[in-house]
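A look at the structure
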Amino acid sequence: MSFHPPMEYAPTRFHKSERELAEPGGGFTYTPENQAKFDANVKRYPADQRKSAILYALYLAQNQQGYLTAAAMRHVAQQIGCTAAEVEDVVSYYTMFFTKPVGTYVLNVCRTLSCALRGAERVTEELIATLGIKPGETDPTGTFTLLEVECLGACDRAPVVMVNDDWHERLDPDQVRVLVDAIRARGRAAFSGCHLHKEKM
Amino acid sequence: MAYEPSLTKYVGEPNSYTLDFYLKHQRGYEGLRKALTVKPDDIIEQVKASGLRGRGGAGFPTGMKWQFVLKETPKPRYICCNADESEPGTFKDHVLMERNPHLLIEGCAISCYAIGAKVAYIYIRGEFHHVQEILEAEIEKAYRAGYLGRNVLGGGFDCDVYVHRGAGAYEAGEETALIESLEGKRAQPRIKPPFPASAGLYQCPTAVNNVETLCNVPLIVLNGPEWFVGIGPEKNGGPKLFCVSGHVKKPGVYEASMHTTLRELIYGHAGGMLDDRPLKAMIPGGSSVPLLLPDQLDTPVSFDHIQKAGSLLGSAGLIVLDDTVCMVWLAMNLLHFYRHESCGKCTPCREGCDWLFKLLARLEAGEGRSKDLDLLSGVSNNIIGKTLCAFGDAAATPVLSTMKLFRGEYEAHVREGRCTLPAGWRATHPTLVAH
Ligand SMILES: Cc1cc2nc3c(=O)[nH]c(=O)nc-3n(C[C@H](O)[C@H](O)[C@H](O)COP(=O)(O)O)c2cc1C
Ligand code: SF4
Ligand code: FES
C-alpha cells in the first residue's frame, strides 16, 4: 500500500534533469600501447585496489580519442572491474575530463584572483574577440575550445593560460592575437612553456 | 646575518633537478643514509624536536602527526604526499618538484622509514603535467641508483614512491578528500574521526604531508633539529617558502626565515608595489584567510605572528592588492572560485557559496539592495563552523573579512548603483566574461 498521494503521470509535470548524457560513441578499446600502459600503471596499487587507477585509465581513453564517450567509460569500467556508473560518477566530478568533443587546442584561461589582478579578464575578452566564441564553446573548425578555469598554481606568472597540457605564462592581453595566430601557424611549438625550464628565478 | 636558502638555493641552475647535481651540491641522499643507521622512532623524535610544522596550510606539528600513525596493526602503512597545490596564490610546491625533485623523493623515503611505510604516493594536481614528467623521470633514476626499491642502500628497507595524477579539483587537497581521490572516487572529504593516522588510504594508517613539509625532513636529519629551530622565531623554525603574487614588481617564490616581515617580502624580495602605487591590503596565506592592512606590514610572517595579527599563514601565499582593487569585486572573484570548487557534500557550503556569489555579482553589477549586506553576513555565518571540512570557513572568510574592513565600499555599491572602483585591468564588458 502506498501512502503517497496520487500523482499525475504527465511527462511535462516531471522534474527533468538538465544533465546531458555522454555521447554513446562507437565501440572503444585501448590501443595495444595504451593497454600496456594501463597494465603497468595498475601495478602501483595493491591488487585489490584497482579502482585507484581510474583517473589514469580515463586519461588514457581521453588522450586516445579526444574526449570520453559512454563506450569509452564502459571500457574503463571493464578494465577496472567496477560499474559504468562508478566511472561516470568520477568523470562528472573532475574538471579535466571532457564528455563532448573539444578543439585541437583547449585554451584554459585562469580567472582566479592573482591572474585577474594582472589582467586575466582582459585576456578572456581578447580571446572572445579573436576566436569569436564564448567560454565553454568550440570554434566551428574544431581548432580551439575556450575555457575559464580556477587557479593553476602559477600565480607569479599571471595571467596564465594552459593550452592542453602545456602552459603559456605572462600573457599580456595585447599578445593574445599574436599567440592565437602563432598556434594556428605552428601548433604546439608556439607555446612558451613553463618558466622554470627556461629562466633563472 | 644573511639568510642562506636550503630548499631553493640552486633552483636557478639549469640542471638543478638532476640526480648528479643533487648528489654533488646538496649532499644528496646523505640524509637517507644517515636515517637508515638509526631506529625509525629516532627520526620521529628528531622531527618532533625540530618543531617542523606542516607547510600545507594548517601548520600542525609533523612529528606529532607521525607519532599518531597506528603501529599495532598488521595492515600496511602509507605516506601520501599532498602535491595538489590549488590554494589560490600558492605556487611553491611546483618549484620544489620541478627544480629540486630529489629533495622530495629523499623526504618521502625517510618519512616512509620513520612511520614504517613501504609506499609513498605523491598526489599531484592534474594541471602539473609538465612537473609530473620531470618528477617521474627522476624517481626512475633514484630507483636505478638504489635509493628506492628493494633493500634501499643495503639497509634492508623497501620503499616505493609513485606519482598519482589528479584531474582538476581543489578539494582534492583536503587530506581525506585526497585519500578518496587516490582510491579512485570523487574527491569528497570523509567524516573524521577516524583520522587518516588510524584509517586512511585503503583504511590503513596513513600520514598525509605537504611537499614542502617532506622536503624539510632530509635537512633536519642531516643538519640536526637545533639547526632547524635556530632559523626562525620560537615554534616557527626552519626555512620557509613564500609565494608573492598580485600587484608587486617581481612576483615569485622567495625562501626566507619566519623572522621576515610582510614589508620585507613585498618591498624587499618582491621589489615593491607595481607602478609604485599605494598598498591597500594583503592576503597573507592564500585566498582562504582574512585580509591584513598596511599598518600591519611589520608583522613577521610566522604562523603565530600572523595569527596574532588576525589572519593565518596558511599556505604562505601572499596576495598583494593595490588601491585599484575593489573589495566587492575581490570577494566576488573568490566566491566564484569557492562556488566552483565546493565538493557539494554538505548543504551550507554547496548552497551557501552559490548564494554568496550571486549576491556579490548582483552588488558588483550595481543591482544590490541594502539588505543584501545583512544577507551576506547571515549566509556567511551560516556556513562558518557548520561544514564537514575547513573549506566552508575558507569560503566565507573573503566575504566576512572584506565586509569588516571595507564596509563602506559595499555600501557605496548599493548607494551609487555601480562598481565604484572599476580598474583598467578588469573586463571592459563584464557580462561577456562568463559567471
Ligand atoms: C579545502 C582544503 C584544501 C587544501 N588544499 C591543500 C593543498 O592543495 N595542498 C596541501 O598541501 N594541503 C592542502 N590542504 C591541507 C591538507 O588538508 C592537509 O592539512 C595537509 O596536506 C597536511 O600536510 P602538512 O601537515 O604537511 O601541512 C587543504 C585543506 C583544505 C581544507
Ligand atoms: S565544506 Fe564544502 S568542500 Fe568541504 S565537505 Fe562540505 S561541501 Fe565539501
Ligand atoms: S590565480 Fe591564476 S595561476 Fe593562481
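Conventions we followed
- Residues numbered from 1 in each chain as written.
- Chains lettered and ligands numbered in written order.
- Predicted model: local features only at pLDDT ≥ 70, side-chain atom pairs only at ≥ 80, totals over all residues.
- Heavy atoms only, no water.
- Helix = DSSP H or I, 4+ residues; strand = E, 2+ residues; numbered from the N terminus.
- Rg over C-alpha atoms; globule rule 2.2 N^0.38 Å.
- Buried < 20%, exposed > 50% of the residue type's maximum accessible area, 1.4 Å probe, protein only.
- Contact = heavy atoms within 4.5 Å.
- Areas by Shrake-Rupley, 256 points an atom, 1.4 Å probe, with all protein chains shown as cover.
- Lys, Arg positive; Asp, Glu negative; His and termini not counted.
- Charge placed at Lys NZ, Arg CZ, Asp CG, Glu CD.
- Pairing = 2+ DSSP bridges.
- Axes fitted to C-alpha atoms, helices over the stretch in contact; angles between N-to-C directions.
- pLDDT = per-residue confidence, 0-100.
- Near = heavy atom within 4 Å.
- Polar contact = N/O pair within 3.5 Å; in protein donor to acceptor, adjacent residues only side chain to side chain.
- Nonpolar A, V, L, I, M, F, W, Y, C, P; charged D, E, K, R; others polar.
- Buried area = accessible area lost by both parts, 1.4 Å probe.
- Salt bridge = Lys/Arg side-chain N within 4 Å of Asp/Glu carboxyl O.
- Domains from an automatic or database assignment.

This part covers the overall build of chain B. Each helix and strand counted, chain B has 18 helices and eight strands in total. At 22 Å, chain B has a C-alpha radius of gyration in line with the 22 Å of a compact globule built from 435 residues. For chain B, with 435 residues in total, the buried portion stands at 63%. Within chain B, residue pairs in contact and separated by at least 24 positions form 70% of the contacts whose partners lie at least 6 positions apart. Element-wise, carbon and sulfur atoms account for 54% of the exposed surface of chain B, whose accessible area totals about 15600 Å². Here chain B contributes 46 positive and 49 negative side-chain charges, whose respective centroids are spaced 3 Å apart.

Each helix and strand counted, chain A has eight helices and four strands in total. Reading chain A from its N end, one meets helices and strands in the order α-α-α-α-β-α-α-β-β-β-α-α. A total of 201 residues make up chain A; the buried ones form 52% of that total. When the accessible surface of chain A is summed, it comes to about 10200 Å², and 52% of that surface belongs to carbon and sulfur atoms.

Attention now goes to the sheet that holds strand 8 (residues 317–322) of chain B. All names here are of chain B. As summarised here, the arrangement of the four strands in space is 6-5-8-7, forming an open sheet in which the pairing is mixed. At either end of the open sheet lies a strand with only one pairing partner, and these are strand 6 (252–256) and strand 7 (279–283). On average, adjacent strands in this sheet sit at an angle of 25° to one another, irrespective of strand direction. In terms of strand pairing, strand 5 (residues 240–246) meets strand 8 through four bridges, oriented parallel. Bridged to S245 within strand 8 is I319. This element, helix 12 (residues 262–269), spans strand 5, strand 6, strand 7 and strand 8 of the sheet and lies at about 70° to strand 8.

Summarising the model, chain A shows a mean pLDDT of 89, and 87% of its residues fall at 70 or more. Within chain A, the element-level pLDDT minimum falls on helix 8 (residues 195–198) of chain A, averaging 56, and the maximum on helix 1 (residues 32–41) of chain A, averaging 98.

A few words now on the site of ligand 1. Residue and element names in this part refer to chain B. Near ligand 1 there are 19 residues, and of these G56, K65, N82, N210 and T213 occur at the shortest range. At a separation of 2.9 Å, an oxygen atom of ligand 1 approaches a polar side-chain atom of N82. Contact distances for ligand 1 include 3.3 Å between an oxygen atom and a backbone N or O atom of S86. For ligand 1, the accessible surface in isolation is 610 Å², of which the surrounding protein chains cover 90%.

Residues in contact with ligand 2 amount to 13 residues; listed here are only the nearest, C343, K345, C346, C349 and C389 of chain B. A per-class count over the shell around ligand 2 returns seven nonpolar, four polar and two charged.

Across the boundary between the two partners, chain A contributes 48 residues, which contact 76 residues of chain B. Carbon and sulfur atoms supply 57% of the area that chain A and chain B bury against each other, a total of about 5200 Å² over both sides. Inspection of the chain A/chain B interface yields three salt bridges. Across the pair D89 of chain A and R186 of chain B runs a salt bridge, and its minimum N-O distance is 2.8 Å. Our count for the contact surface shared by chain A and chain B stands at 33 residue pairs in polar contact (both at pLDDT 80 or more). Contributing elements (two or more residues each) for the side of chain A that touches chain B: helix 2 (54–65), helix 4 (84–91), helix 5 (113–117), helix 6 (120–131) and helix 8 of chain A. Looking at the side of chain A that touches chain B, the element that brings in the most residues is helix 6 of chain A, giving five residues. Classifying every residue of the side of chain A that touches chain B by side-chain character gives 24 nonpolar, eleven polar and 13 charged.

This part covers the domain arrangement of chain B. All names here are of chain B. Domain parsing of chain B yields domain 1 (19–229), domain 2 (240–322) and domain 3 (327–428). Taking only C-alpha atoms into account, the centre of domain 1 sits 27 Å from that of domain 2. Carbon and sulfur atoms make up 60% of the surface buried where domain 1 meets domain 2, a total of about 1300 Å² over both sides. On the domain 1 side of the interface with domain 2, the three residues burying the most area are R53, R55 and F91, jointly 35% of the side's total. Across the contact surface, domain 1 and domain 2 share two salt bridges. Taking the shortest distance from any N to any O, the salt bridge between D304 and R53 comes out at 3.3 Å. Across the contact surface, domain 1 and domain 2 share seven residue pairs in polar contact (both at pLDDT 80 or more). Element by element, the count of residues in the side of domain 1 that touches domain 2 is highest for helix 5 (residues 92–99), at three residues.

This brings us to the sheet that holds strand 2 (residues 119–124) of chain B. Residue and element names in this part refer to chain B. Spatial ordering of the open sheet is given by 3-2-1-4, a layout of four strands whose pairing is parallel. The sheet terminates laterally at strand 3 (160–165) and strand 4 (206–210), the two strands that pair on one side only. In this sheet, adjacent strand axes meet at a mean angle of 20° when their direction is disregarded.

The next subject is the pattern of salt bridges. All names here are of chain B. Under the defined criterion, the tally for this structure stands at 38 salt bridges over all chains. Notably, a salt bridge pairs R125 with E127, separated by 3.0 Å at the nearest N-O pair. A relative accessible area of 8% means that E127 is categorised as buried. The shortest N-O distance in the salt bridge between R426 and E364 comes to 2.4 Å. Of this pair, R426 sits in the segment after helix 18 (407–416) while E364 is found in helix 15 (residues 347–364), placing the two residues 62 residues apart along the sequence. Of the residues examined, R426 reaches a relative accessible area of 10% and is grouped as buried. Through salt bridges with shared partners, one network takes in R55, K92, D93, E212 and K240.

Do not read the predicted coordinates in detail wherever pLDDT is low. Chain-level pLDDT for chain B is 96 on average; 99% of the residues reach the 70-or-more range. Model confidence for the complex is summarised by a pTM of 0.95, with the ipTM given as 0.95.

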